[in-house]
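Below, each chain spelled out in residue letters.
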Amino acid sequence: MLDFEKLADLDNATISAAKACVLDSTSRCLPEFTRSFKYSHSENGFYPKSGNVEWTTGFWTGQLWLCYELFGNESFRKAAEWQVESFYSRIVNRIDVEHHDMGFLYSPSCVAAYKLTKNEVGRKAAILAADNLVSRFQEKGGFIQAWGPLGAKDNYRLIIDCLLNLPLLFWATGETGDKRYEEVAVKHLDTALKYVLRDDDSTYHTYYFDMDTGKPLKGVTAQGNRDGSAWSRGQSWGVYGSALAYRYLKNDEALDVFDRVTGYFLSHLPDDVIPYWDFDFTNPSNEPRDSSALAITVCGMLEASRWMDKEKSENLKRTAGRLFRQLYERCAVKNPDVSDGLLLHGTYARKSEWNTCNNRGVDECNIWGDYYYLEALVRLSKDWDPYW
Ligand code: GLY
């Protein structure tokens, strides 16, 4: 097991160097990516342009808002504001919104816009997105259906990633006073935490229910190596998702899940720190890494550290800071000729003998890896009010 005591503490020089790289990279990208979005992942280090489709565009807008907070440049704010209009148009015109990823899309873009600048278009768009998310709740089984037409038997399942979509619902109740959003979030959480967690503290990626009776059926992977393995990014969604559940509910169950899934994640990191894309793999292996999983976990640890007693909180922060330093040293883009992203060595999807994936964004930057790496940096730099 990785010896965390041997990792160097995070220091101010690393934070300053990381900020300088982020400022340089994001500023360079503005001309190309203001009226278009970054694609889900880079190709040979550089992001293709994308329209506002798929589940990932909110992360680029979120990166702009984080840069606005960190550096204060109006150019970041202006670009993010244009993109907020695009998110409003997307939900009103129902462009690629027949899925559950409303939180990934609308929290770092539109909720952020409203929290930071009282942007009313952002508020309206985010509430419409929350309505869309609630409409995917299935009473039989008590969960939000992730993908596919509502009620389709082959998609009657939840996925662990959805934990990050739930803060949008808690926010919507806070904004509107309508308890329905929060009720759906709490029911989904109860179901998800009950079924995705295994006895050894690893997690299933997805879990099926019987659509006639609501009975739990089985855990199945979509992006992991196999049904019984721990997909590293799925585990990290569990880490951050349970920390955010605690932020809203302050219940012991969420904290217990956080301790368990985080313990599993940390104890399965390889000696050279950056996780393989699935915890089936460990050193030595030629399989690719997924740096984004570590960035997400660091954010989850920093969120949870806000709610712990002092000693536990200090320990979590110290470990999260050390892991961030490793991310900076091993994965951060330091030369704009290499990449226009922030964090190298991510993996979107990896084909295996047992899953149905094609290789996609393997050993590349991905836009959520960039976003969560920057969110961690912001959390480590100031007292940050989450967009989640
Ligand atoms: N939420 C989809 C993924 O993590 O790839």
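Presented here is an overview of the structure given in this document. Residue numbers run consecutively from 1 along every chain, following the written order of its sequence. Per-residue local features are limited, in this predicted model, to residues with pLDDT of at least 70; the limit for side-chain atom pairs, both in listing and counting, is 80 or more; totals at the level of whole chains, interfaces and linings are taken over all residues. Calculation of side-chain values draws on the structure's entire complement of heavy atoms; hydrogens and water are dropped beforehand.

Describing the site of the ligand
Just so we agree on the cut-off: One heavy atom within 4 Å of a molecule or strand is enough for the residue carrying it to be called near that molecule or strand. Pairing of N or O atoms within 3.5 Å defines a polar contact, subject to two protein rules: one partner must be a possible hydrogen donor and the other a possible acceptor, and residues neighboring in sequence count only if both atoms are side-chain atoms. Under the convention used here, a 1.4 Å probe and the Shrake-Rupley method define accessible areas, while residue burial counts only the protein chains that appear.
In the vicinity of the ligand, the contacting residues are W55, D161, Q223, W231, R233, W237 and Y348. One of the side-chain N or O atoms of D161 is found 2.7 Å from a nitrogen atom in the ligand. Within the side chain of W237, a nitrogen or oxygen atom sits 3.0 Å from an oxygen atom of the ligand. For the ligand, whose unbound accessible area comes to 200 Å², protein coverage reaches 94%.

Looking at the pattern of salt bridges
Stated precisely, the cut-off is as follows: Should a side-chain nitrogen of Lys or Arg be within 4 Å of a carboxyl oxygen of Asp or Glu, the pair is scored as a salt bridge. Helical segments are the DSSP runs of H or I of at least four residues, strand segments are the runs of E of at least two, and each set is numbered from the N terminus. Only protein chains enter the accessibility calculation, which uses a 1.4 Å probe; a residue whose area is less than 20% of its type maximum is buried, one above 50% is exposed, and one in between is partly exposed.
This structure, assessed with the given rule, holds 22 salt bridges. One salt bridge in this structure joins D11 and R325, with 3.6 Å as the shortest N-O distance. Residue D11 is located in the segment before α1 (12–29), and its partner R325 is located in helix α11 (residues 310–331); the two are separated by 314 residues in the primary sequence. By relative accessible area, which is 30% here, D11 ends up partly exposed. Here E303 and R379 are joined by a salt bridge, their closest N and O atoms 2.9 Å apart.

Topic: the nonpolar core
Put simply, the test is: Definition used in this section: a nonpolar core is a set of buried Ala, Val, Leu, Ile, Met, Phe, Trp, Tyr and Cys residues joined via side-chain atoms within 4.5 Å. A contact between two residues is defined here by any heavy atoms of the two lying within 4.5 Å.
By size, the foremost hydrophobic cluster in this structure holds 130 residues, and its most contacted members are Y106, L169, L323, Y372, Y373 and W388. Residues within four places of Y106 in sequence aside, it is in contact with F87, R90, I91, V111, A125, A126, A129 and L168.

Quick look at α1
Condition: What a helix is expected to span follows from its residue count: subtract one and scale by 1.5 Å. Starting at the helix axis, one direction is taken to each C-beta atom, and the arc is that of these directions.
Along its 18 residues, α1 runs 26 Å from first to last C-alpha, staying within 8% of the 26 Å computed at 1.5 Å per residue. Of the residues making up α1, those classed as buried are T14, I15, A18, C21, V22, S25, T26 and C29. For α1, the angular spread of buried residues about the axis comes to 130 degrees, placing them on one side. Seen from the open side of α1, the exposed residues pointing more than 90 degrees away from its buried face are N12, A13 and R28.

A few points about the sheet that holds strand β5 (residues 157–159)
The criterion, for reference: Note on pairing: two strands pair once DSSP finds at least 2 bridges between them. Geometry is summarised by axes, namely lines fitted to C-alpha atoms with helices restricted to the contacting stretch, and by angles between N-to-C directions that run from 0 to 180 degrees.
Taken together, the three strands give an open sheet; going across it, the order is β5-β6-β7, and neighbouring strands pair in antiparallel fashion. Two strands lie at the open edges of the sheet, namely β5 and β7 (216–220), each paired on one side alone. Pairs of neighbouring strands in the sheet enclose a mean axial angle of 20 degrees, with direction left out of account. Pairing between β5 and strand β6 (residues 206–209): three bridges, direction antiparallel. Directly across from I159, in β6, lies its bridge partner T206. On the sheet, helix α7 (residues 179–196) packs against β5, β6 and β7 and is oriented at approximately 85 degrees with respect to β5.

Considering α7
Compared with an ideal rise of 1.5 Å per residue, which puts 18 residues at 26 Å, α7 spans 26 Å between its outermost C-alpha atoms and is within 8% of the ideal. Every buried residue belonging to α7 is among Y181, V184, A185, H188, L189, T191, A192, L193 and V196, and all of these are buried. The residue sitting at the N-terminus of α7 and contributing the capping side-chain oxygen is D178; that oxygen lies 2.9 Å from the backbone nitrogen of R180.

Thoughts on the packing of helix α8 (residues 232–249) against helix α9 (residues 252–267)
Rules: Throughout, the term roughly parallel applies to angles under 35 degrees, roughly antiparallel to angles over 145, roughly perpendicular to angles from 65 to 115, and oblique to all others. If you view the pair so one helix is near and one far, a crossing is left-handed when the near helix is turned anticlockwise from the far one by less than a right angle, and right-handed when it is turned clockwise. When residues are sorted by character, Ala, Val, Leu, Ile, Met, Phe, Trp, Tyr, Cys and Pro go into the nonpolar class, Asp, Glu, Lys and Arg into the charged class, and all the rest, Gly among them, into the polar class.
In the contact formed by α8 and α9, the axes pass within 8 Å of each other and the chain directions differ by 150 degrees. Considering their axes alone, α8 and α9 lie roughly antiparallel with respect to each other. Our pair here, α8 against α9, has a crossing hand that is left-handed. Of the residues in α9, those in contact with S232, Q235, S236, G238, V239, S242, A243, A245 and Y246 of α8 are A254, L255, V257, F258, V261, T262, Y264 and F265. Broken down by class, the residue content of the contact of α8 with α9 amounts to 11 nonpolar, six polar and no charged.

Concerning the packing of aromatic side chains
Rule in force here: Think of it this way: a Phe, Tyr or Trp ring, Trp meaning its six-membered ring, pairs with another when their centres are within 6.5 Å, and the plane angle makes it stacked under 30 degrees, edge-to-face over 60, tilted otherwise.
All told, the structure shown has 32 aromatic pairs when counted by the stated rule. On the numbers, 5.1 Å between centres and 85 degrees between planes, the contact of F143 with Y156 is edge-to-face. Of this pair, F143 sits in strand β4 (residues 143–144) while Y156 is found in the loop between β4 and β5, placing the two residues 13 residues apart along the sequence. The buried category is assigned to Y156, whose relative accessible area is 3%. Consider the rings of F265 and F279, whose centres lie 5.3 Å apart with planes at 90 degrees: the pair is edge-to-face.

Looking at a negative patch on the surface
Rules: Patch membership requires more than 30% relative accessible area and the absence of a salt bridge. Residues of like charge join within 9 Å; the nonpolar side chains Val, Leu, Ile, Met, Phe, Trp and Tyr join within 5 Å. Counted as positive: Lys and Arg. Counted as negative: Asp and Glu. His and the chain ends are not counted at all. We put the charge of a Lys on NZ, of an Arg on CZ, of an Asp on CG and of a Glu on CD.
Negative charge collects at one region of the surface, where D190, D252, E253 and D256 lie side by side. With respect to the helices, strands and loops of the structure, D190 is situated in helix α7. On the basis of relative accessibility, which here comes to 42%, the residue D190 falls in the partly exposed class.

That's the geometry; what it means functionally is another story.
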